[in-house]
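An overview of the molecular structure
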Amino acid sequence: MLRFLTRRVIGAAVILVIISGVTFFLFFVIPADPARLACGKVCPPETLAQARHNLGLDHPVAVQFVSWLGGIFVGRDYPGLGNCPAPCLGYSFVNRAPVFETIIDRLPVTIALTIGASVIFLTFGVATGIIAALRQGKALDKIASISSLVGASMQIYFVGTLAMYFFVYQAHIFPQPKYIPITEDPVGWFNGLLLPWIVLAIIFTANYTRMTRSTMVENLSEDYVRTARAKGMSGRSVVMRFALRGTLTPIITIFGVDLGQLIGGAIITETTFGLQGIGRLSVRAVDYSDLPTLMATVLVAAGAIVGMNIVVDALYAVIDPRVRLS
Amino acid sequence: MFLEVNELTVDFHTEDGVVHAVDRLSFQVERGTTLGIVGESGSGKSVTNLAVLGLHNPETAKISGSIAFDGQELIGASRSSMEKLRGDRIAMIFQDPLTSLSPFHTIGAQIAEVYRKHKGVSRSSARDRAIEMLDRVGIPQPKLRVDDYPHQFSGGMRQRAMIAMALVCDPGLLIADEPTTALDVTVQAQILDLLSELQEQSGTAIVLITHDLGVVANTAHNVLVMYAGRAVERGTTHEVLREPRHPYTWGLLGSMPSLRRPVDLPLAPVRGTPPSLIHLPSGCPFHPRCDYLKLLGKEVCAGDRPELSPEHGHGDACYLTLKQKAELRERPVEETK
C-alpha cells in the first residue's frame, strides 16, 4: 500500500508539472499581452518595457516557467516586490496580491460548496438508487427514474437562477447565498450555502441514482446474494451487507471524478450564486490575462482530480479484497 | 417423512407467457438419505429446490402444492419463519463456489455469520465454530485460512468452505445444487466423499441436484428423474440405474460416456431439444423426442398426461407396459427404429 501510494504520488507530481507546462506555454499563444493591460490606456514604449520587466515577461517562456516552478519549491525574488517565500505562486498581474494567499482565501468557499453538496447528492442518490432497485418496475422506481432523468438534463444556471428567483427573492425561504467562514458563524455558513448545495445536488443526484440502481439490480441477482438469502440473512442485511458492497466500487469511481472536478471549480455554480471560489477566480484570471493566478487555479483543479484518482484507487483495495495494490 | 413434497407446481409469469417450471411434482426424502434429482438443464431441478427454501420472488413465481418439512408446511410460511429455517435447519450449497461466496468477506466471517444469526452466540465462539467447521471439511491449517478471502482458496477448497458454511448449524436437510459441476474430476470425488462422510456423522438428509448420473450412482440412495418440470421416473438408485423404465432415462444413460463402453460405439444423445416450458407438448412432455412413439401411437402419448405409476416404489410416467420396457431396455436403440 505504501509503495503504491509513493509511486502514485510521484506519478501525480509529474502529471501536474506537465499540465502546468502545457498551460504556461499555451498562455503565450493567446494574442493578449498582460504588460499592455498593466501599462494602461496611454502607453509609451518605455513604460511598456518597464511593465514587461516588472511582470517578468521579458525572459524566454521556458526560463519564466522554470522560475515559476522553482518558486513553488524554494520561493523566488521579485524585483520591486521583494522575496516571495515557498510555496510561491507569484503575484497577481492585476492587483499584485500574492496568489498563494488568494488561493488560500478562495479554496474554503469551493471546498465548503463541494463537500456540502456531495454529502447531499451522495446520500440521496445512493438511497434512491437502492430503493429503486428494490422496487423494480414499481411506482417508486418509475418516479426515481423519471426524476433522475429530469435532474440529469437540468443545467445549474437554469435551476439555480429559478431557485434564486423563487426561494430567495420571492418567497424569502433562503437568505441570499454567501460564504461566511464556518469559524465565524457556523449557522450563517450553513444558511448561506444551503441553496447552492441543494441546487448542485439536484443535478448530481441523478447520476448516483442511476448508477446505484443499475449496479444494485445486477448485484441482487449475484450468486453470493442468493447464498446470503439461503443462509437465512434478513432482507435488510442481504441488501446492505452484500448487494450494496458490490455497488460501492462504481459509486466511488464517479464520486472521485465529481469531487475532483467540483474542487477544481464549480464555475457556473459559483457565478450563479455569486460565491467567490476557485471557479470564479479562474474565469477572472483568464479575462485579465493574469498568468500567475491562472496557473494557480489550473494547479488546484488538476491537483484535485489527480489527487482524487489516487484516493479512489486506494479505496478500491479497501472495498474489494481482490484488488491488490502493488 | 422428513421432507415431503406433494403436487408442487411452480409457474413464472413472464411477458412471453406463463412458464410452467415445475408441474405437480411429488417426492419424499427420509432422514439420513440422499435423493438425487437428475435431469437436463431447465427440467425444473433447481426451481424445485429454491421453492423448498422459499427463495423465489413471490411476485413472479406462483407456487402451489405442499412442501412439508419435518411436519411444518413451508408453502405460505411467513418470511421470518423461513429466514429462521434457512441456513439453520435447511441449508443449500451451490454450483459455483467462487461466485456463490461473497468476494468481500472472509471465509471465516461468512461461516461465523450464519452461526451467529441462528444460534445467537458471541463473535469469538462463532469464529471458533468456523475454524472447527473448516477443519471438519478438511481445510488444512484452518486457524490461518479462516481469515482468507474466497479468491485465495482453490476451487475445491471453496466448495469445502461452502459445505462448512452450509453445515455449520447442523441442518436436518442439505440441498446441494450441482455441487461438483464446476470442479475437476478428482476434486469432484473428494467433495462427494466428504458429503457422504458428513451425512454418516450427522444424519443429514441430502437432496443432490445433478445432471450427472455418475454422481448419483455413487452417492444417492434414491433417484428422481425430471423432465420438463415433471417427475418421469422415481426409485432407488439401483432400480433406476439397473432397470430404468422411462425412455428418457434410457436416453440419459445412453448419452453418458463410460469406460466400459466399446470405444467404437457412438454416444447416443437424446435427440431433439427440451421443450419450451411455456408451450408444453400435450400428454407426455417427452413424446416429441421419444424413439418409441410409434409403438404406442401419437394419440396415446399426446393424449392424457401419463402419471407416475405405481404410486410407491419404482415408478415411471410412460404408457409402455412393463414387459415392453423390459424388452426394449435389452435392445440397442438402433434396432427399434
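The rules behind these values
Residues numbered from 1 in each chain as written. Chains lettered and ligands numbered in written order. Predicted model: local features only at pLDDT ≥ 70, side-chain atom pairs only at ≥ 80, totals over all residues. Heavy atoms only, no water. Helix = DSSP H or I, 4+ residues; strand = E, 2+ residues; numbered from the N terminus. Buried < 20%, exposed > 50% of the residue type's maximum accessible area, 1.4 Å probe, protein only. Contact = heavy atoms within 4.5 Å. Buried area = accessible area lost by both parts, 1.4 Å probe. Salt bridge = Lys/Arg side-chain N within 4 Å of Asp/Glu carboxyl O. Pairing = 2+ DSSP bridges. Axes fitted to C-alpha atoms, helices over the stretch in contact; angles between N-to-C directions. Disulfide = S-S within 2.5 Å. pLDDT = per-residue confidence, 0-100. Bend = angle between axes of the 7 residues up to and from the residue.

1. Quick look at the overall build of chain B
When helices and strands are counted, chain B shows 15 helices and eleven strands. Taking the principal axes of its C-alpha atoms as reference, chain B extends roughly 65 × 50 × 35 Å. Out of the 337 residues in chain B, the part that is buried amounts to 53%. The long-range fraction of contacts in chain B, counting pairs at least 24 apart against all pairs at least 6 apart in sequence, stands at 64%.

2. A closer look at the interface of chain A and chain B
Contacts between the two partners involve 20 residues from chain A, matched on the other side by 26 residues from chain B. Together chain A and chain B conceal approximately 2,200 Å² of surface at their shared face, both sides included; 57% is due to carbon and sulfur atoms. Summed over the shared surface of chain A and chain B, the number is three salt bridges. In this structure, the salt-bridge partner of Glu59(B) is Lys138(A), at a minimum N-O distance of 3.4 Å.

3. With respect to the sheet that holds strand β7 (residues 173-177) of chain B
All names here are of chain B. Taken in spatial order, the seven strands of this open sheet run β6-β7-β8-β3-β9-β10-β11, and their pairing is mixed. Because the sheet does not close on itself, it has two edges, and the strands there are β6 (90-93) and β11 (315-316). In the sheet, β6 pairs with β7 via four bridges, with the strands oriented parallel. Residue pairing for β7: Ile93 is matched across the bridge by Ala176. Sheet contacts for helix α7 (residues 155-167): β6 and β7; angle to β6, the most-contacted strand, approximately 170°.

4. Quick notes on the state of the cysteines
Overall, the coordinates contain one disulfide over all chains when judged by the stated rule. Covalently, Cys84(A) is tied to Cys88(A) through a disulfide, its sulfur atoms 2.0 Å apart. Residues Cys84(A) and Cys88(A) share a disulfide whose torsion about the S-S bond is about 110°; that sign makes it right-handed. Given a relative accessible area of 1%, Cys88(A) falls into the buried group. In this structure Cys284(B) is not part of a disulfide, and its nearest cysteine sulfur, from Cys301(B), lies 6.1 Å away. Assessed through its relative accessible area of 10%, Cys284(B) is described here as buried. Not part of a disulfide, Cys318(B) finds its nearest cysteine sulfur in Cys290(B), a span of 6.2 Å.

5. Overview of the pattern of salt bridges
All names here are of chain B. This model, assessed by the stated rule, comprises 23 salt bridges over all chains. Arg289 serves as the salt-bridge partner of Glu40, at 3.1 Å between the closest nitrogen and oxygen. A residue pair is termed long-range when its members are at least 10 positions apart, and Glu40 in the loop between β3 (34-38) and α1 (45-53) and Arg289 in the loop between α11 (247-254) and α12 (293-296) qualify at 249 residues. In this structure, Arg129 and Glu132 form a salt bridge, with 3.2 Å as the shortest nitrogen-oxygen distance.

6. A closer look at the environment of Thr273(B)
Residue and element names in this part refer to chain B. Along the chain, Thr273 turns up in the loop between α11 and α12. We classify Thr273 as exposed; its relative accessible area is 62%. Between the C-alpha atoms of Thr273 and His13, which are 260 residues apart in sequence, the distance is 23 Å. Residues within four places of Thr273 in sequence aside, it is in contact with Tyr227 and Arg289.

7. Quick notes on the confidence of the model for chain A
With 99% of its residues at a pLDDT of 70 or more, chain A shows a mean pLDDT of 89. The lowest-confidence element of chain A is helix α2 (residues 34-39) of chain A, averaging 80 in pLDDT; the highest-confidence one is helix α5 (residues 99-134) of chain A, averaging 93.

8. Regarding helix α10 (residues 235-263) of chain A
At Leu244(A), α10(A) shows its strongest bend, of approximately 50°. With its phi angle positive at about 130°, Gly265(A) sits one or two positions after the end of α10(A).

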